[in-house]
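Architecture at a glance
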Amino acid sequence: MLKELKEFIYKYYIEPAETGSGYNLVQEITYGLILALFLYLFYKGLKKLNIKIDEKFVIPGVIFTILIALMRALVDLGYIERSFLTITPGIVFLVGGFYIITILITGYFFRDNYYKVSSVVGLIPLIYFFIIFLQHVKTALPIILSLFLVTLFLGMAYLINKRFKIFNSKIDYLTLLGQLVDGAATTIGIGIYGYLEQHPIPRFLMEHFTPISFIVVKFTIVTIILYILNKEEMDPDLRNIIKLIIMALGLAPGLRDLFRTIMGV
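Parameters and conventions
- Along every chain, residues carry numbers that run from 1 in the direction the sequence is written.
- Reporting in this predicted model follows two pLDDT cut-offs: at least 70 for local features of residues, and 80 or more for side-chain atom pairs to be given and counted; totals over whole chains, interfaces and linings ignore these cut-offs and use all residues.
- The side-chain figures draw on all heavy atoms in the structure; neither hydrogens nor water molecules are used.
- Secondary structure elements are taken from DSSP: a helix is a run of H or I of four residues or more, a strand is a run of E of two residues or more, and numbering for both begins at the N terminus.
- Throughout, exposure labels follow a simple rule: accessible area from a 1.4 Å probe, protein chains only, divided by the maximum for the residue type, with under 20% read as buried, over 50% as exposed, and the rest as partly exposed.
- Contacts between residues were defined by any pair of non-hydrogen atoms, one from each residue, lying within 4.5 Å.
- Note on areas: Shrake-Rupley, 1.4 Å probe, and residue coverage restricted to the protein chains presented here.
- Comment: axis = line fitted to C-alpha atoms, over the contacting stretch for helices; angle = value between 0 and 180 degrees taken between N-to-C directions.
- Angle categories: roughly parallel below 35 degrees, roughly antiparallel above 145, roughly perpendicular from 65 to 115, and oblique for all the rest.
- Working rule for handedness: look at the near helix, and if it is turned counterclockwise from the far one by less than a right angle, call the crossing left-handed; if clockwise, right-handed.
- Polarity classes work like this: nonpolar for Ala, Val, Leu, Ile, Met, Phe, Trp, Tyr, Cys and Pro, charged for Asp, Glu, Lys and Arg, and polar for all others, with Gly in that last group.
- To estimate the expected span of a helix, subtract one from its residue number and multiply by 1.5 Å.

Attention now moves to the overall build of the protein chain. Of the regular secondary structure elements, the protein chain holds 10 helices and zero strands. Counting from the amino terminus, helix and strand elements in the protein chain follow one another as α-α-α-α-α-α-α-α-α-α. Within the span of the protein chain, comprising 265 residues, buried residues form 44% of the whole. Nonlocal contacts in the protein chain, meaning residues at least 24 apart in sequence, comprise 74% of its contacts between residues at least 6 apart. Surface accessibility of the protein chain: about 14,600 Å² in total, with carbon and sulfur atoms responsible for 71%.

So this is what it looks like as structure tokens:
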């Protein structure tokens, strides 16, 4: 039994990280459950500290999300040593854990100004790594193409919202933006630069359809999810933290792909 368990762990968790072969459904489900547990505990901690999950809360969240993406891209570059804690999901648990601790500590000691202090804490390493990134920039074309696609779909979202009133806050647009960045970066990376998709479901989608289908599907699914969330009767803080999780799950891998493409990795 112990031997079979070791073989299972190696096959589905360790070997894919060692070989860089991408993710499998077992990993996706496992990491999703772990993430859900941590976020539930984080949510409970926020409620105890009376921290509202609003537009102020978004600021440090976006900063730490960009930090994860930038560090992961620098791992691909070779500037940061590759290890379990510097690749996904290890880097998410590492930097994400640091983010959670920072929010809870600043929330306890600084109260309403927690978001300012925690933003500074995240900006310090972000600025350092961004300077390193700028030294390795090879092309700006991926940014231009991504901006075009993201702007196009955000414009569509604005027009749809005027007719159907799906979005009710800036957080909604930010949620969609995060997923569109991922969709645009993946479409450009695979369609133009020949990168490979690591996640099984998007990989299946793009192998059977064109890469542009990925951003179209993301746009459609996120819009539907936001519509459902905004119609549901639930705690506004819970609704917003779900939206921000959706944002981060798109923004982090999307920016990582953009950063690495810009550096020619």
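That shown, we press on.
Relative to the helices and strands, Asn161 resides in helix α6 (residues 141-164). If sequence neighbours within four positions are ignored, Asn161 has contacts with Ile166, Phe167 and Tyr173.

This paragraph deals with the packing of helix α2 (residues 25-48) against helix α10 (residues 236-262). Two numbers describe how α2 lies on α10: the axes approach to 12 Å, and their chain directions differ by 135°. On the basis of the axis angle, α2 is oblique to α10. In this structure, α2 meets α10 at a crossing whose hand is right-handed. Taking contact as the criterion, the partners of Leu35, Leu39, Phe42, Tyr43, Leu46 and Lys47 in α2 are, on α10, Asp237, Leu238, Ile241, Ile245 and Leu249. Partitioned by chemical class, the residues of the contact of α2 with α10 number nine nonpolar, no polar and two charged.

So, about helix α7 (residues 170-191). Between the first and last C-alpha of α7 there are 31 Å, a value that for 22 residues agrees with the 32 Å anticipated at 1.5 Å per step. Within α7, 16 of the 22 residues are buried, which leaves it mostly tucked inside the rest of the structure.

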